Amino acid sequence: MEMNEIKEIESIAEATLAWSHERNFQGYNKHDGLNSPIFKALLGWSKWARIIAIQIVTRAPINLRPFLLIPPSPNPKGLSLFLRGVLSRFNITKDESYRETAKEILNQIKSLRKPSGQGEGWGYYYPWQDPGFYALPGMPNAVVTSFVCHGLMDAFECFQDEEYLADTSIAIDFFFKALPILKNEPKELCLGYMPVPMEMRVMDVSILIATVVARYNQLANKDIYSHEAYRLANYVVNRQTSEGAWFYTDPPGDSHITHDNYHTGFILDALEDYMGFAKDLSWKDQHKKGLMFYQQRLFNEDGSPRWMHDKNYPYDIHGAAQGVITFSRHESIYPGFSDKVLSWTIENMYHPDGRFYYQKQKYFRKKFTLMRWCNAWMYYALSRWLENKHLES
């Protein structure tokens, strides 16, 4: 992109941050349907009633949340994405306003931490029913906590405050002392998503935890759970298909999700990060193969993000953001592809107020904004894209 186009992206990033900051980074969430007192009264709290309620809100062509009295809420995962984006902008610009905003977000994140057995972590602030488990509001989970940990470690690298490493260490205790062990073999380890009895093995969970541990050990100059981290990563790598893909769950039949966009991006970025932090490039060929599948099967030529490897619609803002994040790291392999994904996203999914739309269906768009799903992911994507452009120049 030309310099004037980069300036335009900077302006969009600023507008996105401002719109979100004005709302204290709180908003609606994709799966927050059970926060509706109306649904609670009408549907009760059986497993399938909860699943139906969530899916009605998630799949509706308009935003039903205001009509169902669902309140905006904080989301630690979204806050961590905003934090990482803000710290990225501070590292490039040295603008003190970013430092102040980062401190504000960090205070929010710390206030939302919850105990769970031994260790503490972060979760979603709404009840959540999945086919494989049920989570109470605020219950810590592996994915949210792993994202928060990377925000904390970014803050440590920026501010050199040991407090953020200590917070990460407590969260690592949560991973290994509170989460159920779903597979435990000499060379493979799989941990559960939630600290509740469950059998569903969600594929990105183990590699996300492995990457947190490897990064913490590098920053803290320690060697805790390093063998467990290797086994977690190895478990996920060993589940890669011959095409280079990963199913959402192991075994694949435990979920209707097959090879989807953003979870594939999660795994690829986490695997690359793990290899870098652990200084172990054993799986570089698997990563390269996975990246090729991701680019060829989960994106279209115009940069639009496919929903699944065999399904275009809906084009989802989360998939677009993940594509920008992942491919901006790989300009040498896929030159200009992150630019193409970003250009498509701004043209099709951006509102000049400073917010991003949720989804684009074949014949209509869902033009409402979910704070974590839309703006948090896109602000982080914009910030990482700008950081990589700065490093290239």
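See the structure above.
Residues numbered from 1 in each chain as written. Predicted model: local features only at pLDDT ≥ 70, side-chain atom pairs only at ≥ 80, totals over all residues. Heavy atoms only, no water.

A. Layout of the nonpolar core. Counting 136 residues, the largest nonpolar core has Trp128, Phe176, Tyr193, Met194 and Ile209 as its most contacted members. If we skip the residues at most four places from it in the chain, phenylalanine 176 touches Leu189, Leu191, Ile209, Val213, Tyr225, Glu228 and Leu232. (Core = buried A, V, L, I, M, F, W, Y, C linked by side-chain atoms within 4.5 Å. Buried < 20%, exposed > 50% of the residue type's maximum accessible area, 1.4 Å probe, protein only. Contact = heavy atoms within 4.5 Å.)

B. Quick look at the pairing of strand E5 (residues 181-185). Relative to strand E6 (residues 188-191), E5 runs antiparallel, the two being bridged by four bridges. Across the sheet, glutamate 185 pairs through a bridge with glutamate 188, a residue of E6. Taking the residues that link successive antiparallel strands as the turn, the E5-E6 hairpin has two residues. (Pairing = 2+ DSSP bridges. Helix = DSSP H or I, 4+ residues; strand = E, 2+ residues; numbered from the N terminus.)

C. Molecular detail of the side chain of lysine 366. Relative to the helices and strands, lysine 366 resides in strand E13 (residues 365-366). Within the buried core, lysine 366 has no salt-bridge partner, and the shortest N-O distance to an opposite charge, that of aspartate 316, equals 7.9 Å. In terms of polar contacts, lysine 366 uses its side chain to reach the backbone carbonyl oxygen of arginine 59, at 3.2 Å. Not counting residues within four places of it along the chain, the set of residues in contact with lysine 366 comprises Thr58, Arg59, Ala60, Pro61, Tyr357, Tyr358, Gln359 and Gln361. (Lys, Arg positive; Asp, Glu negative; His and termini not counted. Salt bridge = Lys/Arg side-chain N within 4 Å of Asp/Glu carboxyl O. Polar contact = N/O pair within 3.5 Å; in protein donor to acceptor, adjacent residues only side chain to side chain.)

D. Region of interest: the sheet that holds strand E12 (residues 359-360). Ordered by their spatial adjacency, three strands build an open sheet running E9-E12-E13, and the pairing between neighbours is antiparallel. Each having just a single partner strand, strand E9 (315-316) and E13 make up the two edges of the open sheet.

E. Quick peek at the environment of serine 255. Among the structural elements, serine 255 can be located in the loop between strand E8 (249-250) and helix H10 (261-278). Given the relative accessible area of 16%, serine 255 is considered buried. Remark: the alpha-carbon pair of serine 255 and methionine 308, spanning 53 residues in sequence, is separated by 13 Å. For serine 255, the residues in contact, after removing those within four places along its chain, are Tyr248 and Thr249. Of note is the side chain of serine 255, whose polar atom sits 3.0 Å from the backbone nitrogen of isoleucine 257.

F. Fine view of the pattern of salt bridges. Summed over the entire model, instances satisfying the criterion amount to 25 salt bridges. The shortest N-O distance in the salt bridge between arginine 65 and aspartate 32 comes to 2.8 Å. With arginine 65 in the loop between helix H3 (47-59) and helix H4 (76-93) and aspartate 32 in the loop between helix H1 (3-22) and helix H2 (37-43), the pair connects residues that are 33 residues apart, well separated along the chain. Its relative accessible area of 1% is what places arginine 65 among the buried residues. Note on aspartate 32: relative accessible area 0%, which makes it buried. Among the charged side chains, a network of salt bridges with common partners joins Lys183, Glu185, Glu188, Arg201, Arg239 and Asp250.

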